[in-house]
Amino acid sequence: MKATKCSKKSKGAYGVTAKTSMLKRKHSKMNATETVDQLLKDHRVTIFSKSYCPFCIKVKGLFDSIHIEYKALELDLIGEDGVAIQQALFEKTKQKTVPNVFVNGKHVGGCDATIQAHADGRLGELLSGVHYDFDLIVIGGGSGGLAASKEAASIGKKVAVCDFVVPSPQGTTWGLGGTCVNVGCIPKKLMHKAAIIGEDLKDAAAFGWQVPEQVLHDWSSMVDEVQKYVKSLNFGYRKVLRERSVTYLNAYAQFVDAHTVKVTDKKNKIQHITARDFIIAVGGRPKYPDIPGAKEYGITSDDLFSLKYHPGKCLVVGASYIALECAGFLHGIGVDCTVMVRSILLRGFDQQLAEMIGEHMTEHGVKFIRPCVPTKVEKVSDGKPGLYKVSGKMDSGEIVEGEYNTILFAVGRTACTENIGLEHIDVKINPSNGKIIVDKEERTSVSNVYAVGDVIDGKLELTPVAIQAGKLLAQRLYNNQTTLTDYVNVPTTVFTPLEYGFVGLSEEDAIKHYGSDDIEVYHSFFQPLEYALTDRDSNKCYGKLVCVKSEEERVVGFHVLSPHAGEITQGFAIGVKLRAKKSDFANLIGIHPTSAEIFTTLNITKSSGESVAKTSC
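**Q** Lay out the overall build of the chain in plain terms, naming residues and giving numbers.
**A** Summing up its helical and strand segments, the chain has 19 helices and 25 strands in all. Overall, the C-alpha framework of the chain stretches about 95 × 60 × 50 Å when taken along its three principal axes. Relative to its full complement of 617 residues, the chain shows a buried share of 50%. A total accessible area of about 29,900 Å² is found for the chain, and carbon and sulfur atoms account for 52% of it. Each charge class in the chain can be summarised by its mean position, and for the 73 positive and 71 negative side chains these summaries are 10 Å apart.

Next comes the structure, spelled out in structure tokens:
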């Protein structure tokens, strides 16, 4: 219920007291601002009210129900002085409406704000005289933390963000913005684009462009331009925090108790700050395998995007989307690249599409060693880059060795929860991965401590998910909202050379959930028109819809392997989220000529056994 300024009198329970005439005489002699200040000084709870206002009656009823005495000054009953006092209140609080509530001299707000403060416990703290430095401290300046801090500040809360990047084993650090901005999505997508340009140059002659046979790529120039853009984003985030009056502390935060953190800056200066609420949004960092030489001679995605020298011959260890994306763009800009894979590609993703990605990369020159795990890294010679010998063990027991200039480990990530003092406040974590256990409202085992983003257990590690969770959490905490983050049917894309976009269930998970007899898959290869004048294989791009037969063929899985797969998936994701059926896709008229239109014409099922090889436009 939104409080509005009341202008219409009605008979109410709060009438004129015997002291009204005396108050009129008193207030007529005093300056309105002095009157307000004196009332706040004299009373624990002061309510500036109007006798007929239902919102004022509601707030007074709240304090009556919790047996708290209050001073209510009915502005409509003191004539012109009431108008002057309301103007003084506006100058003091920027609030035009009544009720206008103060507790121990601190402004609470109107009806909704007071009720929310009572619901979330802040009113009790104000009544007890407890004072915190901030309403909210966010630990972590990445996507989720920044979203939460900005949203809370926009609601009028006093907010601080603590963000500190511990250097990687190779000494790499970065600015405000977290993994996505500095060492993840943003620089990755830009380098992916660099590789796409390289591939397009090979096709240019077919479209009439006269391109030299040998076109060279400059690694240093690319890195410099990418880093300039990243730093502009860092600056932009700091600017926005200043504009929202959010306190930014470039310092490492550790819990001392449930309302206090110790923050240590890069000069080792220590201070203690307090807050009513905390949001942990510290994310994660890349793992290193526990083998000799890994940390000494290897790098991770923390280091790659700002690497000041050409990586030379490269070994990527891992089969995650980070591993395949990095291997893809490295190869695309001309790097000799090999990928060492322990078992399957893209664990947790649709395995048919994962293997298609591997096949496509292999056919275009990326080498794979699988199934194999590294056992040690040894230095052969110094340099920038240096030269290193990597030993690995195949499943068969065979030992393989190779020499590389750069070894990039992409073998998973670990949550940054080990040294932030969670043990001092008994926040529960999953011991197997260090991630924080939260409920559906992102609350930890400590009632005033919350967590969002990659650091929470059992949720998706995606930037837009963290942003949504942070924003909605702040709204629930401080704006009387109830909307929860929906972690189901979240679209995403793997930016391999041939991009893979999907939303919903993999074919394997759909079968596991619904049973193979209740699943039908519609699928087809297709050729983007952009390939028509080139010698690119026409049977590499692929789309499929995974449908549940018993639900009128509701689409529970959307998968596309194609250029611009992210753009295609983002559009169709709303259909999957709204429980679209296969017939809805068929009734949708496609845009011609596009790759996305294939999903409006899919008519061959896997169960039919018919070929889906592309034969014509």
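Having seen the model, we can carry on.
**Q** How would you explain the packing of aromatic side chains if you had to name every residue and give the values?
**A** Taken as a whole, this structure holds 15 aromatic pairs when the rule is applied. Between Phe-255 and Phe-278, the aromatic rings sit 5.0 Å apart at their centres with planes inclined by 65 degrees, giving edge-to-face as the arrangement. In this pair, Phe-255 sits in strand E8 (residues 251-257) while Phe-278 sits in strand E10 (residues 270-280), placing the two residues 23 residues apart along the sequence. Overall, the relative accessible area of 1% leaves Phe-255 in the buried class. Exposure remark for Phe-278: the relative accessible area of 0% places this residue in the buried category. Their ring planes at 55 degrees and their centres at 5.5 Å tell us that Phe-572 and Phe-599 sit as a pair that is tilted. Linking Phe-572 in helix H18 (residues 565-577) with Phe-599 in the segment after helix H19 (582-587), this pair joins segments that are 27 residues apart in sequence. We classify Phe-599 as buried; its relative accessible area is 0%. Taking the ring centre of Phe-134 as reference, the NZ or CZ of Lys-158 above it sits at 5.3 Å.

**Q** Go over the environment of Thr-338 with me, naming the residues and quoting the values.
**A** In this fold, Thr-338 is placed in strand E13 (residues 337-340). Distance from Thr-338 to Asp-457, taken between C-alpha atoms, is 32 Å for residues 119 residues apart in sequence.

**Q** Tell me about empty space enclosed by the protein, and please be specific about residues and values.
**A** Space left empty within the atom packing is revealed by a probe, the size of a water molecule, rolled over the atoms. Here the structure, examined in full by the defined rule, presents 2 cavities of 30 Å³ or more. A volume near 60 Å³ is recorded for the largest cavity. In terms of lining, the largest cavity is formed by Pro-286, Ser-301, Ser-320, Ile-322, Phe-409, Ala-410, Val-411, Gly-412 and Arg-413. Grouping the amino acids of the lining of the largest cavity by side-chain chemistry returns 5 nonpolar, 3 polar and 1 charged. Lining of the second largest cavity is provided by Gly-284, Arg-413, Thr-414, Ala-415, Lys-435, Asp-454 and Glu-461. Per element, the largest residue contribution to the lining of the second largest cavity is 3 residues, and it comes from strand E19 (residues 413-415). Tallied by class, residues from the lining of the second largest cavity come to 1 nonpolar, 2 polar and 4 charged.

Definitions and limits used
- Residues numbered from 1 in each chain as written.
- Predicted model: local features only at pLDDT ≥ 70, side-chain atom pairs only at ≥ 80, totals over all residues.
- Heavy atoms only, no water.
- Helix = DSSP H or I, 4+ residues; strand = E, 2+ residues; numbered from the N terminus.
- Buried < 20%, exposed > 50% of the residue type's maximum accessible area, 1.4 Å probe, protein only.
- Areas by Shrake-Rupley, 256 points an atom, 1.4 Å probe, with all protein chains shown as cover.
- Lys, Arg positive; Asp, Glu negative; His and termini not counted.
- Charge placed at Lys NZ, Arg CZ, Asp CG, Glu CD.
- Phe/Tyr/Trp six-rings, centres within 6.5 Å; stacked < 30°, edge-to-face > 60°.
- Lys NZ or Arg CZ within 6 Å of the ring centre and 35° of its normal.
- 1 Å grid on protein atoms, 1.4 Å probe; cavity = no way out; pocket = protein on both sides within 12 Å on 5 of 7 lines; lining within 4 Å.
- Points joined across faces, edges and corners; volume = space filled by probe spheres on them.
- Nonpolar A, V, L, I, M, F, W, Y, C, P; charged D, E, K, R; others polar.

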